[in-house]
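Here is what each chain is made of, one letter per residue.
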Amino acid sequence: DRPVTVNKTGGLITVADVSNIGSTRAFTLTAGNMTVNAALTALGAFTFTAGNLSANSAVLTTGAFTHTAGTLITNGTGTGNTQAYTQNGGNIILTGGDLVTTTFTSSTSTARTIQFGTSNINATSTGTVVNMATTANCTVTGTGNINITNNGSTAITVTPGALAEANSINYNVIAGNYPLT
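Residues numbered from 1 in each chain as written. Predicted model: local features only at pLDDT ≥ 70, side-chain atom pairs only at ≥ 80, totals over all residues. Heavy atoms only, no water.

A.B. asks: How should I be thinking about the overall build of the protein chain in this particular structure?
C.D. replies: Check the secondary structure of the protein chain and you find 0 helices and 19 strands. Radius of gyration (C-alpha) of the protein chain: 16 Å, near the 16 Å computed for a compact globule of 181 residues. Its C-alpha atoms give the protein chain principal-axis dimensions of roughly 45 × 35 × 25 Å. Expressed as a percentage of its 181 residues, the buried residues of the protein chain come to 44%. Contacts spanning at least 24 positions in sequence make up 34% of the contacts within the protein chain whose residues lie at least 6 apart. Approximately 7,800 Å² of the protein chain is accessible, and the part contributed by carbon and sulfur atoms is 49%. (Helix = DSSP H or I, 4+ residues; strand = E, 2+ residues; numbered from the N terminus. Rg over C-alpha atoms; globule rule 2.2 N^0.38 Å. Buried < 20%, exposed > 50% of the residue type's maximum accessible area, 1.4 Å probe, protein only. Contact = heavy atoms within 4.5 Å. Areas by Shrake-Rupley, 256 points an atom, 1.4 Å probe, with all protein chains shown as cover.)

A.B. asks: Just checking my understanding: could you explain the environment of Asn172 for this structure?
C.D. replies: Its place among the elements puts Asn172 in strand β19 (residues 170–175). Sequence separation between Asn172 and Ile146 is 26 residues; the distance between their C-alpha atoms is 6.3 Å. When neighbours within four sequence positions are excluded, Asn172 is seen to be in contact with Asn145, Ile146, Asn147 and Ile148. Side-chain polar atoms of Asn172 contact the side chain of Asn147, separated by 2.9 Å. (Polar contact = N/O pair within 3.5 Å; in protein donor to acceptor, adjacent residues only side chain to side chain.)

A.B. asks: Which parts of the structure should I look at to understand the nonpolar core?
C.D. replies: Taken as a class, soluble globular proteins show a tendency for nonpolar side chains to be buried jointly. Leu53, Phe104, Met132 and Ile146 are the most contacted members of the largest nonpolar core, which has 37 residues in total. The element that contributes the greatest number of residues to this core is strand β3 (residues 27–36), accounting for 4 residues. The residues contacting Ile146, other than those within four sequence positions of it, are Phe104, Phe116, Ile121, Val130, Met132, Ile169, Asn170, Tyr171 and Asn172. (Core = buried A, V, L, I, M, F, W, Y, C linked by side-chain atoms within 4.5 Å.)

A.B. asks: How do you make sense of the side chain of Thr74 when you look at a structure like this?
C.D. replies: On the secondary structure map, Thr74 appears in strand β9 (residues 71–75). Within the structure, Thr74 has its side chain in polar contact with the backbone oxygen of Gly97 (distance 2.7 Å).

A.B. asks: Can you help me understand the packing of aromatic side chains in this one?
C.D. replies: The relative placement of two aromatic rings is captured by the distance of their centres and the angle of their planes. The full count for this structure, using the stated rule, is 4 aromatic pairs. Pairing Tyr85 with Phe104 gives two aromatic rings, centres 5.9 Å apart and planes at 20°, and the pair type is stacked. With Tyr85 in strand β10 (residues 82–87) and Phe104 in strand β12 (residues 99–105), this pair connects stretches of sequence that are 19 residues apart. By relative accessible area, which is 0% here, Phe104 ends up buried. (Phe/Tyr/Trp six-rings, centres within 6.5 Å; stacked < 30°, edge-to-face > 60°.)

A.B. asks: Got a minute to help me understand the sheet that holds strand β2 (residues 19–21) in this structure?
C.D. replies: Consider a sheet: its strands pair through backbone hydrogen bonds, and that pairing is either parallel or antiparallel. As summarised here, the arrangement of the 3 strands in space is β2-β4-β7, forming an open sheet in which the pairing is parallel. The two strands at the open ends of the sheet, each matched to only one other strand, are β2 and β7 (60–62). Direction aside, neighbouring strands of the sheet carry axes that sit 5° apart on average. Two strands pair when backbone bridges link them, and β2 and strand β4 (residues 40–42) are joined in this way by 3 bridges, in the parallel orientation. By the bridge assignment, Ile21 is partnered in β4 with Ala42. (Pairing = 2+ DSSP bridges. Axes fitted to C-alpha atoms, helices over the stretch in contact; angles between N-to-C directions.)

A.B. asks: So what exactly am I meant to see when it comes to unusual backbone geometry here?
C.D. replies: Leaving glycine aside, a negative phi is the common case for residues, and trans is the common case for peptide bonds. The phi dihedral of Asn137 is positive, around 65°, even though this residue is not glycine. With respect to the helices and strands, the residue Asn137 is situated in the loop between β15 (127–131) and β16 (138–141). Accessibility expressed as a relative area gives 49% for Asn137, which makes it partly exposed.

A.B. asks: What is the right way to look at the environment of Thr139 in this model?
C.D. replies: Within the element layout of this structure, Thr139 appears in strand β16. Exposure remark for Thr139: the relative accessible area of 37% places this residue in the partly exposed category. For Thr139 and Asn167, which are 28 residues apart along the polypeptide, the C-alpha to C-alpha distance reads 6.0 Å. Apart from residues lying up to four places away in sequence, Thr139 is in contact with Arg112, Thr113, Ile114 and Asn167.

A.B. asks: How should I be thinking about the side chain of Thr103 in this particular structure?
C.D. replies: By the element assignment, Thr103 lies in strand β12. Of the residues examined, Thr103 reaches a relative accessible area of 14% and is grouped as buried.

That's the geometry; what it means functionally is another story.
As structure tokens, this is what we get:
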């Protein structure tokens, strides 16, 4: 088992065919641009620290996804099922596909943006499903929503933080029978 690191300043790597990276392999995009044009399953930790990552009508399925810089762009299908998605910086641009994750965290004072367009963030889990407690330097645009689904009866926690009205996010609880805190 070896980690996979993409470090191609000024370059472009394209996933053109269905690809699988095992759950014991970490995937890191540290420089350059990556375009996913076919299903990519990378079930180990996925770390994104620079460049642009575009999911073009292709399903991107990952393990825990840590986003510290750079721009994630969903065009068409969007992402598949990322496990925990943590935005510690950078930009999320949802131009035609939803970001589907078990949990979504964007709670830091580092500059970051979420551009919904007409797409959504969909979180499906138990426990803390959404954590945006710290909203300093977070800019939100578009008409998208954070949709929360938990088909069980286990309690969930949503911490929306205190965004200014111009940066507000709609939260929708889609399914479940559980205490919400």
